[in-house]
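# Geometric and topological summary
If you want the building blocks of each chain, they are given just below.
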Amino acid sequence: TARIAVAANFSATAQALAAEFSARSGHTIELATGATGLLYAQITRGAPFDVFMAADRSRPARLADEGYADSDSLFIYAHGRLAYWVRKKYPVPPLVELLRTEGSIIALANPTLAPYGVAAKALINVKGGHKPVSKLVFGENVSSAFSLVASGNAQAGLVAYAQLLQYEIAPREYLLIPASDHPPIVQATIITRHGSNNAAARAFHRYVSSDAGRLMIETAGYGLPPKANGYE
Amino acid sequence: MTELSIDIHLRKGEFVLALQQNIQLQGIVGVYGHSGAGKSSLLRVIAGLECNASGTLTLGEQCWQASSRHHFVPPHQRQLAYVFQEPRLFSHLTVMGNLHFAMKRVKAVTAMPSLTDIVDGLQLTPLLTRRPATLSGGEQQRVAIARALLTAPALLLMDEPLSAIDRQHKAELIPLLRRINEQFHLPIIMVSHSADELAVLSDQLLLLRKGQAVAFDNTPRLMSRLDLLEMSSLQEAGAVLDAQVDHFDDAFQLTRLLVEGIPLSVPGRVGNVGARIKLRVHARDVAVATEKPRGLSIRNILPARITMIEEGADAHAQLLATVGQQTIRVRLTRASLSELSLVVGQSVYLLIKAASVDAY
Amino acid sequence: MTELSIDIHLRKGEFVLALQQNIQLQGIVGVYGHSGAGKSSLLRVIAGLECNASGTLTLGEQCWQASSRHHFVPPHQRQLAYVFQEPRLFSHLTVMGNLHFAMKRVKAVTAMPSLTDIVDGLQLTPLLTRRPATLSGGEQQRVAIARALLTAPALLLMDEPLSAIDRQHKAELIPLLRRINEQFHLPIIMVSHSADELAVLSDQLLLLRKGQAVAFDNTPRLMSRLDLLEMSSLQEAGAVLDAQVDHFDDAFQLTRLLVEGIPLSVPGRVGNVGARIKLRVHARDVAVATEKPRGLSIRNILPARITMIEEGADAHAQLLATVGQQTIRVRLTRASLSELSLVVGQSVYLLIKAASVDAY
Amino acid sequence: MNDWPSLWLTAKLAALTTVLLLFMATPIAWWLATTRSRWATALDALVAMPLVLPPTVMGFYLLLFLSPQGALGQWWLELTGEQLTFSFMGLVVASIFYSLPFAVQPLQASFRGVDNQLLEAGATLGASPMDRFIHLVLPLSRRGYLTAGILTFAHTVGEFGVVLMIGGNIPGETRVVSIAIYEAVETLNYGAAHRLSLVLIGFSFLVLALTYGVNRYFSLLSRDPVSHD
Amino acid sequence: MNDWPSLWLTAKLAALTTVLLLFMATPIAWWLATTRSRWATALDALVAMPLVLPPTVMGFYLLLFLSPQGALGQWWLELTGEQLTFSFMGLVVASIFYSLPFAVQPLQASFRGVDNQLLEAGATLGASPMDRFIHLVLPLSRRGYLTAGILTFAHTVGEFGVVLMIGGNIPGETRVVSIAIYEAVETLNYGAAHRLSLVLIGFSFLVLALTYGVNRYFSLLSRDPVSHD
Ligand SMILES: Nc1ncnc2c1ncn2[C@@H]1O[C@H](COP(=O)(O)OP(=O)(O)OP(=O)(O)O)[C@@H](O)[C@H]1O
Ligand SMILES: Nc1ncnc2c1ncn2[C@@H]1O[C@H](COP(=O)(O)OP(=O)(O)OP(=O)(O)O)[C@@H](O)[C@H]1O
Ligand SMILES: [Mg+2]
Ligand SMILES: [Mg+2]
């Protein structure tokens, strides 16, 4: 058995990975989702997590630096893809146009908390040029940003591509933002000190970087790092 | 004069109050009965505090309750005030605050005694800034009475209002009640289990037993009814006489009254010369003589004729004697009755100590 | 016989209770005084409920409070029971629950009247399963008395315990209190503003005025002290006589007593032949005759000698007369005094109606 | 980072929510305290429901309800021409929903504790039910209002799940202190978190101590000394 | 997903927290209700403090305090040999801290409402302070306990910030329903969120309605009819 601490935005994909992995290996995998910062704090205080799948690279790296995790096991398992989603308006108006429309509301993840937010804010800073007049509202994380658009409170949002796929949103409602338009959203994973002797954890960790694992991640809507960057 | 007409049925657990009674609201109506007879319940019904009571209740022109028509005037719209058996002062207000609460909700446009009048009459001046919790039992009761009076009600209900009030304050309060009653035509219904108090204060008397009216009459008549005495243990009962003020003797501080033309002295100055007043004579304070006594400190000697004799099973006998048109009750021992060989129709002298007469 | 020794100072707002008094706890000690005189405050100090009181308080061997030594026995460790001026029943318990509360915390190992005895004596049987909120005022007060008695205390404090209790229940309760008092040697301190009640019930009397003890003596002596009467307006005060039961007359239901060898009849059967009992005679119920009257329904005629005469400013005069060793108080009008030309030293006859004597 | 806008917003939100909620909870609590209806038990339990949902979840449902397509949000939009979510008023509305039980429950308990005998006395003195309520029930329930006010105030200060969801974290408009602290903790900026927490605690402590102090002062004035134990 | 373990865990946590907290809050509330100490105001305000910190922040501080390096956590580890954080007992301890004001405040208000006259009567009947407290104050404060119990219970059911932080979302041990719902919402699994919310609401509603119903039934028995308005 292994306990995996997963950043909320990757949780759905992690579940699929775990299910597939369990079926193949016979190991049981338990997932605990939470905000990356929260999981970090818990791991430093002795939480019984074996593998940490973060929403960024800095916090797993910090765990490694501080000796709470095995630094050799750190690798980037996915690149988040940003999508521009506008509800009930076809074709999707250009982001620039919406940014310049007074009274429009655009949702994004909180740039101080979420890597998706950092990327989205950078994108807007570029596209908006001078100060945008639309209202920017921040969800706690990229899931909240999605909820804000889905519930009709915001007309548009910069959300995770994976979420749109998961929710089977019609492709004509969104535009996938080219990865080059924003700073990369790197998501890294690491084996914690608690999991260093856990065979199941190691096996799962390995599985994530395997071809099968990479394929699942890619189809879920994430970009992939070059294989060379991977574990082992 | 307004009439209070009661036809009410109320069940409280095993207790049932069932009353049909029309009461001419004149002066002070006493309600007498044992503990648990339903005295408080009756007042509560009149005040509209018993929402389970059925029947009808009218005061003069106003119908306060008519269950058949689903008519019910809520308590705050009835022009009455209620002095409860407990003081029920508002603990978050000072004494003055409690009085103001009443004054701000004055019920009638009729004139009423002023605040000063009532505060003085009940000697509340030193208490006005205090909180109810810091008052003694009697002080609380006096505040409650003042509070009720200050709403200028058309009817005042009082539930044992004098139980915690000492003699000195009573001596001030009772004339105040009498005065308000007469001067402002405020009828009062007063519950008490002290026959003494009711005999002095009430003009009419309602006798309750187990939730039912046993008798209702004016106080003198009811108090001289021999059949009711045992039943309600009104052992102190006496007679009430009508008298006229004749003369005031300054030297001895006595008022001479005329009862059916016969002089009778009472201590102190009572009423004004010529005024008609009432005298209360306890049955046990009257003695009978077959010959006119001499050299006796008892100064009031009334010639009378015995009209009725009733011997009890115990030591006592009651007799009624008439002085002119009026009846006096006498309580004496059967031994004396037999020794003096008293019979109905006999002329005797009734001896009444001046000091034992209550005049008002 | 235990002594209660009080030396207490208590300030409450502007009111100050300052009392030094040693009381031999025998029989029933009455506390009398106007509203606000500090009667309740005194009981509270004795019970240990006034934590701001300073001074010392001892009951027999036990020191309950000694401020100088910072000694203070908390109320629950004082072997006393307290009947408050309000019933203070526990609203979350039934009547039986309230009684059980007391019984479970019995204070003394001494024998006490049984539950049945007390429940019967106070006629509580039909109330036992009820909640306090559903009881009438008098019923609540009776439950409170029962509850206090059931703790088997060594001292019983009662604050106007009879104010809401009607005559019939009083007639059962008073003998019960007397019996418990005598049979179980339970001293009682009872506050009342009814001089009548205290005259009948109390053996000793403490007079309070404005927080201070004005007088303390045994009841008969205190009640015959003329100087105190005006002050405390004990207008009903009378004398208490010691008498011996001589004979019971079955036919007339009279008991013949001997007061200093002179016969005196009272109604009903009182005591056993040969027993010494007490008689209470109201000053206002005694008449004076200069010659022995005849043909009079007043049967008790005692030869006496006038020892003191005091004329008031009002209509009344008080006089003391001795019958043998005992003193009787008489209240009559100044007019009679002058008419009969009574003087100190004169021999007179005192007339006492049999019906107006309280014997117990 | 400048803490003042967030702190000011928090104070405004907590104060406004507390005041409005005490008003709104009063009739509900009074009805629950006095009714003999058999629906009362159901409403009793219903009032507690906002508590049993996790704040963010509650926030999620409120997001639906307050959105321009939602029942309340639509009504509000028509009435004021403004969108309720992402506005300060939206936070107030959401906080009221979420803190309802903290206001209703203590009020209900203290209304039930008011001595009916005093209300009867008030009625016979000519006070109508409304008059009795205002001049007797309210002052006699002072303690209940204190409890309700303090729980509501403190909870609104600290509550951030709902606010986070409904507010959109807009500086000066919906970014209250609790969110700022949350951000600091999440970004491992512990220094800022400690500082902000201290500010928040200090501010709340002052407000509450003042309230309590005034209350204690007045209840000492009106209360007899407690018996000697 | 199988909801039962989470639901059972929630019920256990809420019930245990409520019971323990009512016990622990009792002496604090009693002291606050009766003391004349001048520290009372400070303690009054202090008791409300757990409320003003956002739950995750509170959770963060509790994590420091309960972890094996923290004061309480270390003591617990020495005592029981177990780690307090990420265990069920840790959740209970954290919930007790966090819900403290919900228990203390209503109890304090209702203790203050107990008529001192009755306690005096109890004392003269021979009841010691403790005896009076148990046999008079407690039953006469029934309403305060009801309010305190319901607020604590409901809040513990719904609260998840602290629990998530301290408990770490471990199935069968610390993964209560509120966390499960939170997770469902966060992972956009709205169907599961709706279903779990309904289950949670249904369960809480039943528990609370039962409590209220029993209480109403008994207070009807012992109360006089309310006056006619
Ligand atoms: N809710 C109730 N359930 C059962 N019995 C009740 C209820 N309320 C009152 N009673 C009974 O009704 C009777 C009448 O009560 P009420 O208060 O009218 O008496 P009262 O004549 O005023 O007596 P008191 O002189 O003692 O005050 C009492 O015996 C009382 O016990
Ligand atoms: N906290 C207080 N502040 C100011 N005065 C007080 C306080 N408590 C009591 N008093 C006053 O002390 C006096 C004595 O009160 P106490 O209750 O002992 O009187 P009492 O003799 O029992 O009178 P009653 O016969 O009316 O019951 C009263 O005048 C009362 O107003
Ligand atoms: Mg009554
Ligand atoms: Mg008193």
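Residues numbered from 1 in each chain as written. Chains lettered and ligands numbered in written order. Predicted model: local features only at pLDDT ≥ 70, side-chain atom pairs only at ≥ 80, totals over all residues. Heavy atoms only, no water.

Turning our attention to the coordination of the magnesium ion (ligand 3). Distances from the magnesium ion (ligand 3) to its protein donors, Ser40(B) (OG) and Gln85(B) (OE1), fall at 1.9 to 2.3 Å. Of the two residues, Ser40(B) sits in helix 1 (residues 39-47) while Gln85(B) sits in the loop between strand 7 (80-83) and helix 2 (95-103), which places them 45 residues apart along the sequence. (Donors = N, O, S within 2.8 Å, 3.2 Å for Na, K, Ca; no water. Helix = DSSP H or I, 4+ residues; strand = E, 2+ residues; numbered from the N terminus.)

This paragraph deals with the site of ligand 2. Around ligand 2, 19 residues are found, and the nearest of them are Arg130(B), Ser136(B), Glu139(B), Ser40(C) and Ser41(C). Site remark: ligand 2 is flanked by residues from chains B and C. Take Gly36(C): an N or O atom from its main chain is 2.8 Å from an oxygen atom of ligand 2. The side chain of Lys39(C) places a nitrogen or oxygen atom 2.7 Å from an oxygen atom of ligand 2. About the coverage of ligand 2: the protein hides 89% of its 650 Å² of free accessible area. For the shell around ligand 2, the elements supplying multiple residues, two or more each, are helix 4 (137-149) of chain B together with helix 1 (39-47) of chain C. The residue makeup of the shell around ligand 2, split by class, is two nonpolar, 12 polar and five charged. (Near = heavy atom within 4 Å. Polar contact = N/O pair within 3.5 Å; in protein donor to acceptor, adjacent residues only side chain to side chain. Areas by Shrake-Rupley, 256 points an atom, 1.4 Å probe, with all protein chains shown as cover. Nonpolar A, V, L, I, M, F, W, Y, C, P; charged D, E, K, R; others polar.)

Here we take up the interface of chain C and chain E. Across the contact, 25 residues belong to chain C and 20 residues belong to chain E. Together, the buried faces of chain C and chain E total about 1,800 Å²; carbon and sulfur atoms form 65% of this surface. Linking chain C with chain E are three salt bridges. Residue Arg44(C) pairs with Glu120(E) through a salt bridge whose shortest N-O separation is 2.7 Å. Our count for the contact surface shared by chain C and chain E stands at six residue pairs in polar contact (both at pLDDT 80 or more). Counting residues per element, the ones that place at least two in the side of chain C that touches chain E are helix 1, strand 7 (80-83), helix 2 (95-103) and helix 4 (137-149) of chain C. For the side of chain C that touches chain E, the element with the most residues is strand 7 of chain C, which contributes three residues. (Contact = heavy atoms within 4.5 Å. Buried area = accessible area lost by both parts, 1.4 Å probe. Salt bridge = Lys/Arg side-chain N within 4 Å of Asp/Glu carboxyl O.)

What follows is about the nonpolar core. The biggest cluster of nonpolar side chains holds 338 residues, and the ones touching the most others in it are Ile46(B), Ile189(B), Ile46(C) and Ile189(C). The next biggest cluster of nonpolar side chains, apart from the first, holds 50 residues, and it includes Ala14(A), Val86(A), Leu98(A) and Tyr207(A). (Core = buried A, V, L, I, M, F, W, Y, C linked by side-chain atoms within 4.5 Å. Buried < 20%, exposed > 50% of the residue type's maximum accessible area, 1.4 Å probe, protein only.)

The next point concerns the coordination of the magnesium ion (ligand 4). In this structure, Ser40(C) (OG) and Gln85(C) (OE1) serve as the protein donors to the magnesium ion (ligand 4), at separations of 1.9 to 2.3 Å. Taking relative accessible area as the criterion, Ser40(C) reaches 21% and is therefore assigned partly exposed.

Residue and element names in this part refer to chain C. In this fold, Lys 39 is placed in helix 1. For the buried Lys 39, no salt bridge exists, and the shortest N-O distance to an oppositely charged side chain is 4.6 Å, to Glu 160. Of the polar contacts made by the side chain of Lys 39, one reaches the backbone oxygen of His 34; its length is 2.8 Å. The contact partners of Lys 39, leaving out residues within four places of it in the chain, are Val 31, Tyr 32, Gly 33, His 34, Glu 160, Val 191, Ser 192 and Leu 208. (Lys, Arg positive; Asp, Glu negative; His and termini not counted.)

Here the focus is empty space enclosed by the protein. For the structure on display, the rule yields nine cavities of 30 Å³ or more. There is about 200 Å³ of room inside the largest cavity. Surrounding the largest cavity, 18 residues form its lining, Ala35(A), Thr36(A), Leu113(A), Ala114(A) and Asn141(A) being those nearest its centre. Residue assignment for the lining of the largest cavity shows that the elements contributing at least two residues are helix 2 (36-44) and helix 6 (142-150) of chain A together with helix 10 (177-186) of chain D. In the lining of the largest cavity, the residues fall into nine nonpolar, six polar and three charged. In this structure, the second largest cavity occupies an estimated 130 Å³ of space. Every residue lining the second largest cavity is counted, 15 residues in all, and those nearest its centre are Glu140(A), Phe160(D), Thr56(E), Phe160(E) and Tyr182(E). Listed by contribution, the elements that provide at least two residues to the lining of the second largest cavity are helix 3 (55-66) and helix 9 (161-167) of chain D together with helix 3 (55-66) and helix 9 (161-167) of chain E. Its residues assigned to classes, the lining of the second largest cavity comprises 10 nonpolar, four polar and one charged. (1 Å grid on protein atoms, 1.4 Å probe; cavity = no way out; pocket = protein on both sides within 12 Å on 5 of 7 lines; lining within 4 Å. Points joined across faces, edges and corners; volume = space filled by probe spheres on them.)

To continue, consider a nonpolar patch on the surface. Residues and elements named next belong to chain D. Judged by side-chain polarity, Leu 16, Val 19, Leu 20, Phe 23, Met 24 and Met 89 come together as a nonpolar surface patch covering roughly 520 Å² of accessible area. In terms of residue count, helix 1 (residues 4-34) provides more of the nonpolar patch than any other element does, five residues in total. With a relative accessible area of 43%, Met 24 lands in the partly exposed category. (Patch = residues over 30% accessible without salt bridge, like charges linked within 9 Å, V, L, I, M, F, W, Y side chains within 5 Å.)

With that settled, the discussion passes to the site of ligand 1. For ligand 1, the set of nearby residues contains 19 residues, the closest of which are Ser40(B), Ser41(B), Arg130(C), Ser136(C) and Glu139(C). Taking Ser40(B), its side chain carries an N or O atom lying 2.6 Å from an oxygen atom of ligand 1. One of the side-chain N or O atoms of Ser41(B) is found 2.5 Å from an oxygen atom in ligand 1. Contact with the protein chains removes 90% of the 650 Å² of surface that ligand 1 exposes when unbound. Looking at the shell around ligand 1, the elements that each hand over two or more residues are helix 1 of chain B together with helix 4 of chain C. Residue composition of the shell around ligand 1, grouped by class: two nonpolar, 12 polar and five charged.

Following the criterion strictly, the structure yields 30 salt bridges over all chains and no others. Overlapping salt bridges, with partners in common, bring together Lys12(B), Arg44(B), Glu50(B), Glu86(B), Arg88(B) and Glu120(D) in one network.

What follows deals with the interface of chain E and chain D. The interface is formed by 68 residues belonging to chain E together with 68 residues belonging to chain D. Taken together, both faces of the contact between chain E and chain D bury some 6,000 Å²; the carbon and sulfur share is 66%. Across the contact surface, chain E and chain D share eight residue pairs in polar contact (both at pLDDT 80 or more).

This part covers the packing of aromatic side chains. To describe a pair of aromatic rings, one takes the distance between the centres and the angle between the planes. Residues and elements named next belong to chain A. Scanning the model with the defined rule gives 28 aromatic pairs over all chains in all. Note on Phe 146 and Tyr 167: the rings are 5.4 Å apart at their centroids and 70° apart in plane angle, and the pair reads as edge-to-face. Residue Phe 146 is found in helix 6, and its partner Tyr 167 is found in the loop between helix 7 (161-166) and strand 9 (174-176); the two are separated by 21 residues along the sequence. Here Tyr 167 falls in the partly exposed class, since its relative accessible area comes to 32%. Aromatic pair Tyr 161 and Tyr 174: ring centres 6.2 Å apart, planes at 65°, arrangement edge-to-face. Linking Tyr 161 in helix 7 with Tyr 174 in strand 9, this pair joins segments that are 13 residues apart in sequence. Overall, Tyr 174 belongs to the buried group, its relative accessible area being 11%. (Phe/Tyr/Trp six-rings, centres within 6.5 Å; stacked < 30°, edge-to-face > 60°.)

In short, the description is geometric, and any link to function would need to be established separately.
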